[in-house]
Amino acid sequence: MQRHPRDVVLPFFKRIAEPVYRKGFDEAVAGFVTRIQKRAVDKRKEMRAQQAEEGEELSREERLGPGGLDPVEVFESLPQSMQEAFEAKDTQMLQVALESMPLDEAKRHMERCEASGLWVSQKKEPAATQDDDEDDVTEAAETPADGPPPEDPAATVAVPRSD
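**Q** Teacher, can you tell me more about unusual backbone geometry here?
**A** Generally, phi is negative for residues other than glycine and the peptide bonds are trans, each holding for most cases. Although it is not a glycine, Lys89 adopts a positive phi angle of roughly 55°. With respect to the helices, strands and loops of the structure, Lys89 is situated in the loop between helix H4 (80–88) and helix H5 (91–99). We classify Lys89 as exposed; its relative accessible area is 55%.

**Q** Can you walk me through the pattern of salt bridges in this structure?
**A** Oppositely charged side chains are able to pair whenever their charged atoms sit close together. Scanning all chains against the criterion turns up two salt bridges. Asp26 serves as the salt-bridge partner of Arg22, at 3.5 Å between the closest nitrogen and oxygen. With Arg22 and Asp26 both in helix H2 (residues 19–63), this residue pair falls four residues apart, about one helical turn. According to the relative accessible area criterion, Arg22 is partly exposed, its value standing at 42%. The partly exposed category is assigned to Asp26, whose relative accessible area is 38%. In this structure, Arg39 engages Glu46 in a salt bridge whose closest nitrogen and oxygen atoms are separated by 3.3 Å. Judged by its relative accessible area of 42%, Arg39 is partly exposed.

**Q** It is not clear to me how the side chain of Gln83 should be interpreted in this structure. Could you clarify?
**A** Checked against the element boundaries, Gln83 lands in helix H4. In this structure Gln83 comes out as buried when scored by relative accessible area, which is 13%. A polar contact is formed between the side chain of Gln83 and the backbone oxygen of Glu76, at a distance of 3.3 Å. Aside from chain neighbours lying at most four places away, what touches Gln83 is Phe75, Glu76, Ser77 and Leu78.

**Q** Would you take a moment to explain the nonpolar core for this structure?
**A** Membership of the largest hydrophobic core comes to 15 residues, with the highest contact counts inside it found for Leu78, Met82, Phe86, Leu94, Leu98, Cys113 and Leu118. Secondary structure elements with two or more residues in this core: helix H3 (71–77), H4, H5 and helix H6 (103–116).

**Q** Would you take a moment to explain the packing of aromatic side chains for this structure?
**A** Aromatic ring pairs: the centre-centre distance and the angle between the two ring planes describe each pair. As enumerated under the stated definition, the model contains two aromatic pairs in all. Its end group placed over the ring of Tyr21, Arg15 keeps NZ or CZ at 4.7 Å from the ring centre.

**Q** Quick question: what am I supposed to make of H5 here?
**A** Because an α-helix packs 3.6 residues into every turn, residues spaced three or four apart end up facing the same way. Every buried residue belonging to H5 is among Thr91, Leu94, Gln95, Ala97 and Leu98, and all of these are buried. The arc that holds every buried residue of H5, seen down its axis, measures 160°, which confines them to one face. The backbone nitrogen of Gln92 has a side-chain oxygen 3.1 Å away, supplied by the residue at the start of H5, namely Asp90.

**Q** How should a nonpolar patch on the surface be read in this particular structure?
**A** Where nonpolar side chains cluster on the molecular surface, the patch consists of Val9, Phe12, Phe13, Phe25, Val29, Phe32, Val33 and Ile36 and spans about 710 Å² of accessible area. At the level of secondary structure, the elements contributing two or more residues to the nonpolar patch comprise helix H1 (6–16) and H2. Counting residues per element, the nonpolar patch draws most heavily on H2, which supplies five residues. Summarising the element assignment, Val9 is placed in helix H1. With relative accessibility at 40%, the residue Val9 sits in the partly exposed group.

Rules behind the numbers
Note on numbering: residues in each chain are counted from 1, in written sequence order. With pLDDT at 70 or above as the cut-off, local features in this predicted model cover only qualifying residues; side-chain atom pairs require 80 or more to be listed or tallied, and sums for whole chains, interfaces and linings still use all residues. Based on all heavy atoms of the structure, the side-chain values leave hydrogens and waters out of the count. Numbering of helices and strands runs from the N terminus, with a helix taken as a DSSP run of H or I at least four residues long and a strand as a DSSP run of E at least two residues long. Only protein chains enter the accessibility calculation, which uses a 1.4 Å probe. A residue is then buried if its area is under 20% of the maximum for its type, exposed if over 50%, and partly exposed in between. Salt bridge, as used here, is a side-chain nitrogen of Lys or Arg placed within 4 Å of a carboxyl oxygen of Asp or Glu. Polar contact is the term for a pair of N or O atoms within 3.5 Å; when the atoms are in protein, one must be able to donate a hydrogen and the other to accept it, and sequence-neighboring residues count only if both atoms are side-chain atoms. For this analysis, residues touch if any pair of their heavy atoms sits within 4.5 Å. The nonpolar core is taken to be a set of buried Ala, Val, Leu, Ile, Met, Phe, Trp, Tyr and Cys residues, with the residues joined through side-chain atoms within 4.5 Å. The rule is short: rings of Phe, Tyr and Trp, with Trp giving its six-membered ring, pair when the centres are within 6.5 Å, and they are stacked under 30 degrees, edge-to-face over 60, tilted in between. Remark: a charge is flagged as sitting over a ring if the NZ atom of Lys or the CZ atom of Arg is within 6 Å of the ring centre and within 35 degrees of the ring normal. The reported arc concerns the directions from the helix axis to the C-beta atoms and nothing else. A residue counts toward a patch only above 30% relative accessible area and without a salt bridge, and it is joined to like-charged neighbours within 9 Å or, for Val, Leu, Ile, Met, Phe, Trp and Tyr, to nonpolar neighbours within 5 Å. Per-residue and other accessible areas were derived by the Shrake-Rupley procedure at a 1.4 Å probe size, with only the shown protein chains allowed to occlude residues.

Now the structure itself:
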């Protein structure tokens, strides 16, 4: 077919004015729109499934904290008061929550928080003694042995994202 496109436009519009052709055209357009809508829904489902597969495997490995624990799992296992304190990034609120529970339970929760990276205590840089020949190093303790960590302005609180 070696016709110029403008030679086809006028006959198309003359023919579409007839009810029989108009009805066929409208049905074809409606069918096309329906197929597009169904494909869009299917495509969204496929993309979500693919993101869930890729995101779960990669993010789990990437999320692991310095102690090998998953911060999302640790966060979800914390008591509600501690979760609220972490979400608010409020160390005073966290200390109140820790003081309200038994000592060994508070220690266990804080150890898990540190191992997952939810709680990062800022250690002081190791300082060498005056004598250069000796390798004695002094380090600051992270938490006191008799209770929850004191309020430390240098400590950071990380809250995991729940995607």
